[in-house]
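# A look at the structure
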Amino acid sequence: MKMLSIDGLPKPVSQLIMGSDYFSPEVYELVSNNLDSFTDIGGNTIDTAFIYCGGKSEQAIGMWMEERGNRDQIRVWTKGGHPNQHGPQVNRVAVRAELETSLERLRTDYIDLYALHRDDPDVEVGAILEMLNELVEEGEIRAFGGSNWTWQRLEEANAYAESHGLRGFSFSSPNLSLAKAQEPYWTDCISADDETLSWHKRSGLPIMSWSSQARGFFTGRFTRDDRSNEDLVRVFYNDANWERYDRAAQLADKKGVTTIQIALAYVLNQPFPTAAIIGPQNRSEMESCKDAAAISLTPEEVAWLDLRA
């Protein structure tokens with residue numbers, strides 16, 4: 001599997017990242033089987049968050065790493081600072097408290113990749129950068145990024161870091177998929193638009209995409225007339241996305257692969273570094289993702305899929 005270098009990490013992350021929003025100790029057999037399958041295909045990076053399954057996702061991952069004795073081989077990516085009933089949580093007290101809890105749940109003393117789950121535009125980027133650099137200096141995190149941050153705030157933050165001798169954001173995690181979101185899937189979520197993609201091409205900052213396969217839009221389970229999935233209809237159903245679906249199906253037929261594999265390959269063949277969070281729940285789906293990651297698309301094919309040619 002292809003690997004991605006992230007500033008601040010001594011070892012690279014796999015281009016496919018295992019999602020864990022359904023993980024919990026109650027389904028530990030499923031968790032362990034899927035994580036074993038993930039490492040079998042060459043994956044080494046697991047995405048989780050303080051809020052996933054009320055903290056049970058981190059607990060299950062910690063159980064698996066301890067049981068397998070493979071902490072040194074796994075890149076753990078967790079997130080904190082998600083708004084709660086008290087409002088935004090991008091501040092020293094909240095972030096530190098959540099991080100300490102995450103470390104305990106994950107049964108580790110450091111986080112490879114840490115992301116602020118949301119931005120708080122009311123907080124100056126300088127204060128945020130200083131807080132995150134303190135956590136790096138203390139050894140609790142190794143690299144940090146922004147989840148659902150706009151490219152403008154990332155640019156501002158990294159300019160501040162450069163001018164003040166600090167480490168900046170090493171990655172961004174918006175939604176990037178072949179189907180384009182016409183409204184946020186969840187409140188304050190960010191999807192990569194043309195301006196975002198252009199900025200990442202200029203800056204070279206990696207994108208680690210969530211919902212990289214557009215919540216199943218390209219699986220073939222849905223049609224233009226099937227409006228049973230309200231969220232999918234609300235976010236992705238429009239003429240342009242169905243045209244992208246048709247083009248992905250045509251290219252898949254030409255290459256002898258599946259439409260969903262072309263959709264994943266689109267994310268992994270951008271003109272800047274990318275990784276994709278995946279959510280397979282069995283070995284067959286895992287192998288499908290592995291094969292998709294090996295598909296090479298030309299810049300012309302990517303542009304054609306995206307209706308730019």
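Heads up: the structure comes first, above all this text.
Let us look at the structure shown here. Model, not experiment: these values are computed from the prediction.

Turning next to the packing of aromatic side chains. Going through the model one piece at a time under the given rule, you end up with 15 aromatic pairs. Its end group placed over the ring of Y110, R71 keeps NZ or CZ at 4.1 Å from the ring centre. In this arrangement the basic side chain of R234 is found over the ring face of Y185, its NZ or CZ atom lying 5.8 Å from the centre.

Side-chain positions along a regular strand alternate between the two faces of the sheet. Among the six residues in strand β5 (residues 75-80), six count as buried, and that is most of the element. Covered by surrounding structure in β5 are R75, W77 and K79 together with V76, T78 and G80, the residues of both alternating faces. With three bridges connecting them, strand β4 (residues 45-47) and β5 associate as parallel partners. By the bridge assignment, T45 is partnered in β5 with R75. Crossover connection from β4 via helix α2 (residues 56-68) to parallel β5: handedness right-handed. Where β5 lies against strand β6 (residues 111-116), four bridges are found, and the strand directions are parallel. Note on β6: the bridge partner recorded for T78 is Y114.

This part covers the pattern of salt bridges. The tally for this structure, following the rule as stated, stands at 20 salt bridges. The salt bridge involving D40 is made with R283; its shortest N-O contact spans 3.3 Å. Remark: R283 occurs in helix α10 (residues 283-293) and D40 occurs in helix α1 (residues 28-40); sequence separation between them is 243 residues. For D40, a relative accessible area of 52% corresponds to the exposed category. The class for R283 is partly exposed, based on a relative accessible area of 41%. Taken together, the salt bridges that share partners define one network made up of R92, R96, E134 and E138.

Over its 17 residues, helix α8 (residues 239-255) runs 24 Å from end to end, which matches the ideal 24 Å to within 8%, given 1.5 Å per residue. Among all positions of α8, only N241, W242, R244, Y245, R247, A248, L251 and A252 are buried. The elements touched by buried residues of α8 are α7 (230-236), α9 (259-268) and α11 (299-305). For α8, the side-chain oxygen to backbone nitrogen distance between the N-cap and A240 is 3.2 Å, and the N-cap itself is N238. Downstream of α8 by a residue or two, G256 has a phi angle that is positive, lying close to 75°.

Cut-offs used in this document
Residues numbered from 1 in each chain as written. Predicted model: local features only at pLDDT ≥ 70, side-chain atom pairs only at ≥ 80, totals over all residues. Heavy atoms only, no water. Phe/Tyr/Trp six-rings, centres within 6.5 Å; stacked < 30°, edge-to-face > 60°. Lys NZ or Arg CZ within 6 Å of the ring centre and 35° of its normal. Buried < 20%, exposed > 50% of the residue type's maximum accessible area, 1.4 Å probe, protein only. Helix = DSSP H or I, 4+ residues; strand = E, 2+ residues; numbered from the N terminus. Pairing = 2+ DSSP bridges. Right-handed = clockwise from strand over helix to strand, strands pointing away. Salt bridge = Lys/Arg side-chain N within 4 Å of Asp/Glu carboxyl O. Expected span 1.5 Å × (residues − 1). Contact = heavy atoms within 4.5 Å. Polar contact = N/O pair within 3.5 Å; in protein donor to acceptor, adjacent residues only side chain to side chain.

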